[in-house]
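Coordinate inspection notes
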Amino acid sequence: MSKFPYLSPEQLENIALHVLYDFGINCDEQSTPMAIPIEEIIEFHYGLDFSWEPIDHFDSSGVVMAAIIPSQKKIIMNDTQKDLFSEKIGTMKFTMAHELGHWVLHVDDKENQQTVLSLEGDSKVFYCRSSSVKPPVEIQADMFAGAILMPKPVMQKAIANLKSTGKIAMPSLYWLAQLLNVSISALCYRLKQLDLLYVRDGQVYNSESDFNGQIAFDF
Ligand SMILES: [Zn+2]
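Residues numbered from 1 in each chain as written. Predicted model: local features only at pLDDT ≥ 70, side-chain atom pairs only at ≥ 80, totals over all residues. Heavy atoms only, no water.

1. Observations regarding the overall build of the protein chain
Using the following cut-off: Each helix is a run of H or I in the DSSP string that is no shorter than four residues. Each strand is a run of E no shorter than two, and both are numbered from the N terminus. Each residue's exposure class comes from its accessible area (1.4 Å probe, protein chains only) as a fraction of the maximum for that residue type: buried when under 20%, exposed when over 50%, partly exposed otherwise. Residue contacts are defined here by distance: any two heavy atoms, one from each residue, within 4.5 Å place the two residues in contact. Per-residue and other accessible areas follow the Shrake-Rupley method at a 1.4 Å probe size, with only the shown protein chains counted as cover for residues.
Across its full length, the protein chain holds nine helices and six strands. For the protein chain, with 219 residues in total, the buried portion stands at 47%. Sequence-distant contacts, at least 24 apart, represent 66% of the contacts inside the protein chain between residues at least 6 apart. Taken as a whole, the protein chain presents about 11,500 Å² of accessible surface, with 52% of it coming from carbon and sulfur.

2. Some words on unusual backbone geometry
Even without being a glycine, Asn181 presents a positive backbone phi close to 60 degrees. By secondary structure assignment, the location of Asn181 is in the loop between α7 (170–180) and α8 (184–193). Classification of Asn181 as partly exposed rests on a relative accessible area of 28%. The phi angle at Asp195 is positive, at roughly 55 degrees, despite the residue not being glycine. Mapped onto the secondary structure, Asp195 falls in the loop between α8 and β5 (198–200).

3. Re the coordination of the zinc ion
Going by this rule: Only N, O and S atoms count as donors, using a 2.8 Å cut-off from the metal and 3.2 Å for Na, K and Ca, and because water is excluded some sites may appear unfinished. A four-donor site is called tetrahedral if each angle lies between 85 and 135 degrees; a four-donor site is square planar, and a six-donor site octahedral, when trans pairs exceed 155 degrees and the remaining angles lie between 65 and 115; all other cases are labelled irregular.
Every protein donor of the zinc ion is listed here as His98 (NE2), His102 (NE2), Cys128 (SG) and Glu138 (OE), and their distances to the metal cover 2.0 to 2.1 Å. If you look at the zinc ion, its four donor atoms make angles of 90 to 122 degrees with each other, and the shape they trace is tetrahedral. We note that the donor set of the zinc ion lies within a single chain, spaced as H-x3-H-x25-C-x9-E. Here Cys128, found in strand β4 (residues 126–129), pairs with Glu138, found in helix α5 (residues 136–149); they are 10 residues apart in sequence, far enough to count as distant. For the pair Cys128 and Glu138, one class covers both residues: buried.

4. Quick look at the pattern of salt bridges
Heads up, the condition is: Definition used for salt bridges: Asp or Glu carboxyl oxygen within 4 Å of a side-chain nitrogen of Lys or Arg.
For the coordinates displayed, the defined rule picks out seven salt bridges. Residue Lys93 is joined to Glu39 by a salt bridge in which the shortest nitrogen-to-oxygen separation is 2.5 Å. With Lys93 in helix α4 (residues 89–106) and Glu39 in helix α2 (residues 38–45), this pair connects stretches of sequence that are 54 residues apart. Judged by its relative accessible area of 14%, Lys93 falls in the buried class. The partly exposed category is assigned to Glu39, whose relative accessible area is 23%. Between Lys74 and Glu53 there is a salt bridge, with its nearest N and O atoms 3.1 Å apart.

5. Quick notes on the nonpolar core
Where we set the bar: For the purposes of this section, nonpolar cores are sets of buried Ala, Val, Leu, Ile, Met, Phe, Trp, Tyr and Cys residues that join through side-chain atoms within 4.5 Å. Each domain span listed reflects an automatic or database assignment of domains.
Membership of the largest hydrophobic core comes to 57 residues, with the highest contact counts inside it found for Leu100, Ile148, Met155, Leu173 and Leu187. In terms of residue count, the dominant contributor to this core is α4 (seven residues). Two domains share this core, each providing at least three of its residues, namely domain 1 (9–149) and domain 2 (152–212). Setting aside residues no more than four positions away along its own chain, Ile148 makes contact with Ala16, Val19, Leu20, Ile36, Ile38, Ala97 and Leu100. Core analysis: the next-biggest nonpolar cluster, separate from the first, contains six residues, Ile55, Val64, Ile69 and Ile76 among them.

6. Regarding the packing of aromatic side chains
By convention here, two paired aromatic rings are described through the distance between centres and the angle between planes. We apply this condition: Side-chain rings of Phe, Tyr and Trp, where Trp is taken by its six-membered ring, are said to pair if the distance between their centres is within 6.5 Å; with planes under 30 degrees apart they count as stacked, over 60 as edge-to-face, and otherwise as tilted. Counted as over-ring charges are cases with an Arg CZ or a Lys NZ within 6 Å of the ring centre that also lie within 35 degrees of the ring normal.
By the definition in use, this model includes three aromatic pairs. Seen in terms of ring centroids, Trp52 and Phe85 are 5.8 Å apart; in terms of plane orientation they differ by 75 degrees. Their pairing is edge-to-face. Placement of the pair is Trp52 in strand β1 (residues 49–53) and Phe85 in helix α3 (residues 82–87), with a sequence separation of 33 residues. Here the aromatic residues Tyr198, Tyr205 and Phe211 are joined through ring pairs into a cluster of three or more. Stacked on the ring of Trp52, the Lys or Arg Lys82 has its end atom at 4.6 Å from the ring centre.

Structure below.
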């Protein structure tokens, strides 16, 4: 079993931008945020197939949302979660992008799909859960998903534009989430990660330290 590599946030951002660039999306030239066609990238650019099947692989660490079987170049979306996915398109897209993250980051020998870098030893399948406590490979796949669906340069530009129009409130963020086809929680997490904005209890702050200052001030 080989150990998966540590990747810095910067490296993950660059890998995601590279995938988009290879597909023909140049984030530096993009003037308005747009939804990333993640299904097309996965199916046409990487030749991976989607399959909707029930995965009743439940354990205490959470419901399995999806899985990837690298040797079959197949992503299985959990059919039992279909209602959730159709209700929350952003969650579905994020899950798909997460699976692509495993393929890009954790499958070593893509010709033969022999070496799957996984914490679960010889496991040839990644089962991906909705749990909040995740092993490092899962965190990396999540970070990749955020970075590809909400590319750093696009986010920086979008928030700078919003800031130039005045104070940013939640409706602007809902609008942005809709443009990007991501959930509001994924967007807020990404904005905090990039240190662009901090959202807490429906209030938008410039940064987490601004929020902390606010609390200190109130006391
Ligand atoms: Zn996963």
